[in-house]
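# Commentary on secondary and tertiary structure
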Amino acid sequence: MIALALFATTMVPAMIPAVTPAAAAAARTTIVVAADGSGHHTTVQDAVDAVPAGNTRPVTILVRKGTYRQQVVIPADKPHITLAGDTRDPRQVVLTFDAAASQQKPDGSGPYGTSGSASYVISAPDFTARNLTFENSYDEAAHGNSQAVAVRTTGDRQVYDNVRFLGNQDTLYANTASATTTARQYFHNCYVEGDVDFIFGRATAVFDRCVIKSLNRGSTDDNGYVTAASTELANPYGFLIHRSHLISDAPARTVHLGRPWPAGGSATARGQVVVRESWLGQQVKDAPWTDMSGLNWREARLSEYRNHGPGAAVGDDRPQLTAAQARAFTPERYLAGADGWNPVRRPAHAPAPGHEPGREVLPRGDGWAAATTGTTGGSAARREDVHTVSTRAELLAALGGTADNRPRIIYVKGAIDADTDAAGNPLTCDDYAVDGYSLPAYLAAYDPAVWGRDSVPSGPLEEARKASYAKMAAHVTVTIGSNVTLMGLGRDAALKSFGLRISNADNVIVRNLTITDTADCFPQWDPTDGAEGNWNASFDNVEVSGSTHVWLDHNTLNDGDNPDSGQPLYFGRPYQVHDGLLDVVRGANYVTLSWNHLSGHDKVTLIGNTDNPARYAEADKLKVTLHHNHFESLGQRTPRVRFGQVHVYNNYYKGGAGDGYSIGVGFGSKVYANANAFDGIAAEKVLTVFNGTAITAMDNLVDGVPVDVVAAYNTANGTALGTDAGWTPALVTRVHPARALRHLVPAGAGAGRLR
């Protein structure tokens with residue numbers, strides 16, 4: 001028995017066929033690449049080589065975190081490969097090389113050439129890449145400008161999802177195997193950056209919800225070209241840039257959208273590009289298409305459709321598709337081919353509250369900010385552009401410069417105080433004072449008994465005050481650029497002492513923040529302001545200036561524990577250290593203010609800051625909606641309006657000791673106020689007039705009773721304010737009965753109350 005058992009154990013291995021390493025590799029459906037040796041291979045090319053030619057089943061090459069420097073070829077006879085980073089952050093898996101077209105090959109056979117410079121050549125059909133970075137790291141600054149390709153694609157039915165492509169000139173060569181073949185490639189949620197012709201080639205390529213960044217070459221008039229399509233005439237579809245963000249920190253009007261490339265001198269190449277429903281930054285030229293290699297751009301097929309942003313325009317040099325034509329130029333139509341291929345990813349439904357809240361966008365029809373293209377803020381932010389901040393330094397770093405208009409989401413965690421230094425130590429007014437400024441010295445110099453009341457202060461101490469103010473302003477002012485969502489996390493997120501500026505930007509969302517006590521340490525005394533003079537501060541909690549498509553929602557704005565009512569009197573007048581709570585000025589347009597709680601302040605909201613129609617060309621701007629806001633214990637300007645078509649509805653006003661007026665009908669204004677509720681405010685004080693002529697006001701309640709507030713004003717003042725503002729709002733969410741606002745709005749408005 002023992003012998004038989006021994007015989008059996010020795011015979012079994014001999015009956016099992018030997019498995020070679022090559023056969024084992026061929027049997028794998030996942031091949032792991034790790035630079036530290038913990039995977040199956042240490043290089044991507046070795047993993048590709050392990051996939052058998054003529055492969056017929058899906059194989060994933062999973063690349064672990066790290067930087068892999070190597071030129072790689074994925075040949076046409078190895079289909080069905082997925083090349084994936086092992087993390088959802090593409091920055092953590094970098095596939096790079098640094099060859100340039102002008103450089104000599106190491107073997108002495110000549111220069112790399114454009115095609116040969118590619119870090120990756122991907123010819124395989126049915127290929128997918130996701131969650132990684134392709135890069136050509138050639139250093140132009142050190143070695144001179146040259147074509148340097150990160151990826152050259154020639155395969156059909158390729159998908160790139162959450163992938164970054166980094167380079168300078170000729171970053172992404174989206175191509176075909178020959179001029180007589182087609183290759184369809186779908187780039188979804190990708191990031192592509194470069195400067196000259198950095199998306200180029202013959203392929204049919206769709207860039208869907210991507211971020212495409214033109215690098216700043218330092219020129220004042222020519223910072224490159226986004227595309228250089230060489231689409232053959234026989235192919236109706238070249239490049240489609242769809243619902244993407246074209247961004248840059250280059251100067252305004254210095255980047256072309258593209259030029260048509262007759263590849264290899266082809267007489268039948270007529271580049272085809274459509275840029276549609278995309279956000280175009282300030283860098284885009286007014287005439288964004290140009291000629292190349294003797295081919296007139298007007299002979300190519302270059303057009304736009306319903307783009308927006310500061311670089312968008314319509315004109316003779318910017319051909320536009322009609323709505324009927326646009327139906328033939330969708331991602332699905334580009335990619336369908338003869339086999340009906342459809343890899344298009346559609347965005348998921350809006351996330352539930354509390355889940356990725358920074359990706360929520362302004363609902364359709366929700367006030368003026370929903371006009372034209374709507375307001376999406378930073379909802380398109382890539383993972384690397386989502387930040388959580390809890391200090392002033394982190395906030396400033398996350399915001400970046402205003403020229404950097406990448407979509408970004410910034411979550412504020414806890415309370416951040418602007419009056420702190422880099423180490424987090426508190427700062428006082430004395431820390432901002434320069435040039436010998438002190439309040440006692442200022443009071444002594446400009447006491448009306450000494451200075452008089454006929455002129456504003458001037459001289460060394462007034463200059464010192466201005467310099468001190470400038471120092472403080474530089475420290476506490478935060479400027480928000482385009483395509484940003486700034487949002488508080490939870491119920492206690494706050495920005496204290498900051499002056500928040502949304503200046504010359506487009507597409508901004510600010511939500512769920514307490515923005516409090518933006519106090520000016522250096523208000524100016526003006527003895528000529530009114531009969532008795534006034535102290536004038538210069539900081540607003542929030543200022544929307546020259547910006548478009550802005551949504552401020554569920555914020556709390558107040559003076560915190562530093563109300564003006566607690567300030568002393570100097571020269572018999574209140575020492576006022578606060579200016580506006582929330583101003584919309586200097587030609588701003590398409591703004592929605594919803595479900596905010598503003599309280600305990602005097603001058604609240606200006607919409608338009610001059611009666612001069614020429615200064616900011618405001619006659620057809622300042623379109624603002626205010627709805628479901630809670631205005632509590634405020635003095636005036638809720639709001640005061642010049643020029644704008646301003647819709648004020650479903651707001652709840654609760655009066656206080658300092659009531660002045662609620663809605664100011666200013667010069668050229670067209671206010672439509674309906675279904676608001678005013679408690680503790682006299683009917684004749686709901687309105688006041690500053691050179692305005694008419695307001696539409698209906699279905700408003702005062703202390704629970706329906707009141708014609710225009711008639712109440714006219715009766716009290718012996719005036720004839722008109723009752724027709726000349727327009728009817730079309731962008732309106734559900735209108736609640738005014739009687740419901742007394743409970744509905746206080747329960748839902750303000751930070752920490754998002755549902």
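Please refer to the structure higher up on the page.
As a starting point, this report considers the structure included with it.

About the criteria used
- Residues numbered from 1 in each chain as written.
- Predicted model: local features only at pLDDT ≥ 70, side-chain atom pairs only at ≥ 80, totals over all residues.
- Heavy atoms only, no water.
- Helix = DSSP H or I, 4+ residues; strand = E, 2+ residues; numbered from the N terminus.
- Buried < 20%, exposed > 50% of the residue type's maximum accessible area, 1.4 Å probe, protein only.
- Contact = heavy atoms within 4.5 Å.
- Polar contact = N/O pair within 3.5 Å; in protein donor to acceptor, adjacent residues only side chain to side chain.
- Axes fitted to C-alpha atoms, helices over the stretch in contact; angles between N-to-C directions.
- Parallel < 35°, antiparallel > 145°, perpendicular 65-115°, else oblique.
- Left-handed = near helix turned anticlockwise from the far one by under 90°.
- Disulfide = S-S within 2.5 Å.

A few words on the environment of Asn676. The topology assignment puts Asn676 in the loop between β48 (670-674) and β49 (677-679). For Asn676, a relative accessible area of 0% puts it in the buried group. Considered as a pair, Asn676 and Val510 are 166 residues apart in the sequence and their alpha carbons are 24 Å apart. Apart from residues no more than four positions distant in its own chain, Asn676 is found in contact with Val648, Tyr649, Asn650, Asn651, Tyr653, Asp699, Asn700, Leu701, Ala738 and Leu741. Within the structure, Asn676 has its side chain in polar contact with the backbone nitrogen of Asn650 (distance 3.2 Å).

The next point concerns the environment of Arg253. Tracing the sequence through the fold places Arg253 in the loop between β19 (245-248) and β20 (256-258). Take Arg253: its relative accessible area is 34%, and that puts it in the partly exposed class. Residues Arg253 and Pro310, 57 residues apart in the sequence, show an inter-C-alpha distance of 9.9 Å. Other than its neighbours up to four places away in sequence, Arg253 contacts Asp221, Gln282, Gln283, Val284, Lys285, Asp286, Pro310 and Gly311. A polar contact of 3.3 Å, which involves the side chain of Arg253, links it to the backbone oxygen of Pro310.

As a further point, take the packing of helix α10 (residues 439-446) against helix α12 (residues 460-476). Each packed pair of helices is defined by two parameters, the angle between the axes and the distance between the axes. Between α10 and α12, the least distance of the axes is 10 Å, while the angle of their chain directions is 140 degrees. Taken as axis vectors, α10 and α12 run oblique relative to one another. Between α10 and α12 lies a crossing whose hand is left-handed. Facing α10, whose interface residues are Ala441, Tyr442, Ala445 and Tyr446, α12 presents Leu461, Glu462 and Arg465.

To continue, consider the state of the cysteines. All chains considered together, the criterion is met by one disulfide. The disulfide bridge from Cys429 ends at Cys521, spanning 2.0 Å between sulfur atoms. Disulfide Cys429-Cys521: the torsion about the S-S bond is -75 degrees, which places it as left-handed. Here the residue Cys429 occupies a position in helix α9 (residues 429-432), and Cys521 occupies one in the loop between β30 (514-516) and β31 (524-526), the gap between them amounting to 92 residues. Cys429 gets classed as partly exposed once you look at its relative accessible area, which sits at 35%. Among the cysteines around Cys190, which has no disulfide bond, Cys210 carries the closest sulfur, lying 4.6 Å off. Look at Cys190 and you get buried, because its relative accessible area is 1%. Under the relative-accessibility criterion, Cys210 is labelled buried at 1%.

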